[in-house]
Amino acid sequence: MRTLCASTLIGEFFVIGFAGLVAMKSDDLSTATVWTVCGIGMLLSVLLCGVITRPGGVQLGWAFQIALVLSGFFVPMMFILGVVFAALWWASVHYGRVIDAAKARWAAQAEAQENAQAPAGG
């Protein structure tokens, strides 16, 4: 799960950076404000990669996805990109857990076969 979620978050890192470039064209936002907000968002996306497997990591990721969708109020295209990345986040979490369960099952089967083939009393 960690690999899929981290890949999604790194993709969001780049999208946030590009959204910052688009937001700079707005007369309502100062350059300092745009890059402060985008910089914090980009930093959070990278930091979240490290806490995905910890308790509450996935929930923090969902909060980040909501913030990304809400950023559409400043850069309208982010409504669409935010929903796309929220869907990718769901898929990363869902299928990542499926893959992790399959890996655990395969490891248990391999260990059971190894134990069955080991000589008794050795």
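**Q** Which residues make up the packing of helix 1 (residues 2-23) against helix 3 (residues 57-70), and what are the values?
**A** The contact between helix 1 and helix 3 brings their axes to 12 Å, and the two run at 25°. As judged from the angle between their axes, helix 1 and helix 3 are roughly parallel. For the crossing formed where helix 1 meets helix 3, the hand is left-handed. Mapping the contact onto sequence places Leu-9, Glu-12 and Ile-16 in helix 1 and Phe-64, Gln-65 and Leu-68 in helix 3. In terms of residue class, the contact of helix 1 with helix 3 is made up of 4 nonpolar, 1 polar and 1 charged.

**Q** Any details on the packing of aromatic side chains? Residues and values, ideally.
**A** Scanning the entire structure with this criterion turns up 3 aromatic pairs. Taken together, a centroid distance of 5.2 Å and an interplanar angle of 90° make the contact between Phe-13 and Phe-14 edge-to-face. A residue is classified by how much of its surface remains accessible, and Phe-13, at 24% relative accessible area, is partly exposed. Note on Trp-90 and Tyr-95: the rings are 6.1 Å apart at their centroids and 80° apart in plane angle, and the pair reads as edge-to-face. You can call Trp-90 partly exposed: its relative accessible area is 44%. For Tyr-95, a relative accessible area of 45% corresponds to the partly exposed category.

About the cut-offs
Residues numbered from 1 in each chain as written. Predicted model: local features only at pLDDT ≥ 70, side-chain atom pairs only at ≥ 80, totals over all residues. Heavy atoms only, no water. Axes fitted to C-alpha atoms, helices over the stretch in contact; angles between N-to-C directions. Helix = DSSP H or I, 4+ residues; strand = E, 2+ residues; numbered from the N terminus. Parallel < 35°, antiparallel > 145°, perpendicular 65-115°, else oblique. Left-handed = near helix turned anticlockwise from the far one by under 90°. Contact = heavy atoms within 4.5 Å. Nonpolar A, V, L, I, M, F, W, Y, C, P; charged D, E, K, R; others polar. Phe/Tyr/Trp six-rings, centres within 6.5 Å; stacked < 30°, edge-to-face > 60°. Buried < 20%, exposed > 50% of the residue type's maximum accessible area, 1.4 Å probe, protein only.

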